[in-house]
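Chain and residue survey
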Amino acid sequence: MNLLAIETSCDETAAAVIAETGDPRKPWRLESNIVASQAAIHREWGGVVPELASRQHLRDICGVVEQALDTAGVTLDGLGAVAVTQGPGLVGSLLVGVSFAKSIAWSRGIPLVPVHHLAGHIESLTLQHGEMPLPAAVLVVSGGHTSLYLVREPGRYELIARTRDDAAGEAYDKVAKLLGLGYPGGPVIDRLAKDGNDRAYAFPMPRMTHADRNQPKATAPQGLLPPKIERSVDFSFSGLKTAVLREVRGPGQMEARPLTPKQIADLCASFQRVVVESLLDRTFEAARWLGARSVGIAGGVSANSRLRMDALSRGTALALPVFIPSLALSTDNAAMIAAAGLRAYRAGTTAGWDLNADAALKLG
Ligand code: KG4
Ligand code: ZN
């Protein structure tokens, strides 16, 4: 069976076709994967402008879907189902994909499958590498989310930890903006950090402590992690962003001071070291307590060269297999939505014609 998937949750209009292989260890084969990025449009504004995003999705969606079908060599009549990102994301953007997918499914009389965007990121790992040894601890790290999931059986995602404030990708984007490096910030900081000294600035390592005055409830379901661990595995990046801001302005100043290229590279490297260490410390700590047999890292920030390298070397040191998607499957795409969609469809999930976009859809 061929499945078409559509993804329009943020600033990429994407469509992909996958087919089933019949091999339970590597269940899906990617037939096409088309992405029209709007980054050039939003760069001018320093971040994603929701209204511009939905309008651009409208312009791009027909061409992107046509190209996905052409590349895969299938027609609408050759599809067995249509999957679409239902949420979370920008509601106007999501609506374009949801309406388009619904129209195709209705007109061809084929099933419509709703997909959670983060389930898509998680299944990018299976699409790329085949089924991971379970249980797996999977970190989804993107512009909107920093969430750690436990996957005990295929298609079941339990939320173990999440960010208490900014997502890691958001911290990259905000720090890049502070340094005048443009949008999106992750790829630029990643590149500049290569020439910087990652110990030049001693930014604080984010910690969730028990001394919090408004101590929040733990994210993980009770009993999965020991009480002393369950709160400390949550993530936090807003303090780090503020520390970079203070450094950029200098003591007591309100305006950014001029920085040399060397200072910028050092700031990027020092910031990135703290982000990567804090992500990996928590992920591997949780993986150990959860008895995980593998670790996965997915989402836009998993494209980061240092995160990839450090994750793989920690995995090697612990003899724990680490899975990361290819660069094309790390940032937003529809291939991952197709994978999660086909998994959900085979488990019996379909939507009615009243399916609506849900900007705050929850997973796990
Ligand atoms: O998954 P994604 O494409 O979209 C969301 O679902 O949010 O992630 C986008 C995020 C952006 O914040 C971007 O700056 C970050 O991923 N990103 C990176 C890198 N490439 C993209 N962050 C760090 N290093 C990179 N190489
Ligand atoms: Zn994403």
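For the structure itself, look to the data block above.
Everything quoted here is computed from the prediction, not taken from an experiment.

Focus on the site of ligand 1
Around ligand 1 lies a shell of 19 residues, among which G143, D173, D190, N304 and D332 are the nearest. Here an oxygen atom of ligand 1 sits 2.8 Å away from a polar atom, N or O, in the main chain of G143. A distance of 3.1 Å separates an oxygen atom of ligand 1 from a polar atom in the backbone of G169. Burial of ligand 1 by the protein chains amounts to 89% of its free accessible area of 550 Å².

Focus: the coordination of the zinc ion (ligand 2)
Note on the zinc ion (ligand 2): its protein donors are H117 (NE2), H121 (NE2) and D332 (OD). The metal-donor distances range over 2.1 Å. Taken in sequence order, the residues that donate to the zinc ion (ligand 2) follow the motif H-x3-H-x210-D. Taken together, the residues H121 in helix α4 (residues 117-129) and D332 in the loop between α11 (327-330) and α12 (335-346) connect sequence positions 211 residues apart. Given the relative accessible area of 0%, H121 is considered buried.

Here we look at the pattern of salt bridges
Pairing is possible between side chains that carry opposite charge, provided their charged atoms lie close to one another. Enumeration over the complete set of coordinates arrives at 22 salt bridges. Here R25 and D23 are joined by a salt bridge, their closest N and O atoms 3.5 Å apart. A salt bridge links D166 to K174; the nearest nitrogen and oxygen atoms lie 3.5 Å apart. Accessibility expressed as a relative area gives 7% for D166, which makes it buried. Classification of K174 as partly exposed rests on a relative accessible area of 33%.

What to know about empty space enclosed by the protein
Applying the stated rule across the entire model yields 2 cavities of 30 Å³ or more. For the lining of the largest cavity, the element with the highest residue contribution is α4, accounting for 3 residues. Across the lining of the largest cavity, the residue classes tally to 5 nonpolar, 2 polar and 3 charged.

What to know about the layout of surface pockets
Here the largest pocket defines a volume of roughly 1200 Å³. The wall of the largest pocket is formed by 41 residues, among which S142, G143, D173, Y183 and P184 lie closest to the centre. Of all the elements in the fold, those that place two or more residues in the lining of the largest pocket are α1 (39-43), α4, α5 (168-178) and α6 (185-193). Ranked by residues supplied to the lining of the largest pocket, first place goes to α5 with 7 residues. Residue classes in the lining of the largest pocket are distributed as 13 nonpolar, 19 polar and 9 charged. Space inside the second largest pocket adds up to approximately 300 Å³. As for the second largest pocket, its lining consists of 17 residues, of which H145, S147, L159, R162 and K362 are closest to the centre.

Focus on the nonpolar core
Core analysis: the biggest nonpolar cluster contains 51 residues, and F203, F271, L279 and I297 have the highest contact counts within it. When residues of this core are assigned to their parent elements, the largest contribution, 14 residues, is made by helix α9 (residues 261-290). Leaving out residues up to four positions away in the same chain, L279 has contacts with L139, V141, T146, A168, F235, F237 and L307. By size, the runner-up hydrophobic cluster in this structure holds 36 residues, among which are A16, V115, L329 and A344.

Focus on the sheet that holds strand β8 (residues 158-162)
Ordered in space as β8-β7-β6-β9-β10, the 5 strands form an open sheet in which the pairing is mixed. Of all the strands in the sheet, the pair left with one neighbour each is β8 and β10 (322-323). Sheet topology places strand β6 (residues 136-141) next to strand β9 (residues 294-298); 5 bridges connect them, and they run parallel. Bridge pairing in β9 links V138 to G296. The sheet strands contacting α9 are β6, β7 (146-151), β8, β9 and β10, and the helix crosses β7 at an angle near 20°.

About the cut-offs
Residues numbered from 1 in each chain as written. Chains lettered and ligands numbered in written order. Predicted model: local features only at pLDDT ≥ 70, side-chain atom pairs only at ≥ 80, totals over all residues. Heavy atoms only, no water. Near = heavy atom within 4 Å. Polar contact = N/O pair within 3.5 Å; in protein donor to acceptor, adjacent residues only side chain to side chain. Areas by Shrake-Rupley, 256 points an atom, 1.4 Å probe, with all protein chains shown as cover. Donors = N, O, S within 2.8 Å, 3.2 Å for Na, K, Ca; no water. Helix = DSSP H or I, 4+ residues; strand = E, 2+ residues; numbered from the N terminus. Buried < 20%, exposed > 50% of the residue type's maximum accessible area, 1.4 Å probe, protein only. Salt bridge = Lys/Arg side-chain N within 4 Å of Asp/Glu carboxyl O. 1 Å grid on protein atoms, 1.4 Å probe; cavity = no way out; pocket = protein on both sides within 12 Å on 5 of 7 lines; lining within 4 Å. Points joined across faces, edges and corners; volume = space filled by probe spheres on them. Nonpolar A, V, L, I, M, F, W, Y, C, P; charged D, E, K, R; others polar. Core = buried A, V, L, I, M, F, W, Y, C linked by side-chain atoms within 4.5 Å. Contact = heavy atoms within 4.5 Å. Pairing = 2+ DSSP bridges. Axes fitted to C-alpha atoms, helices over the stretch in contact; angles between N-to-C directions.

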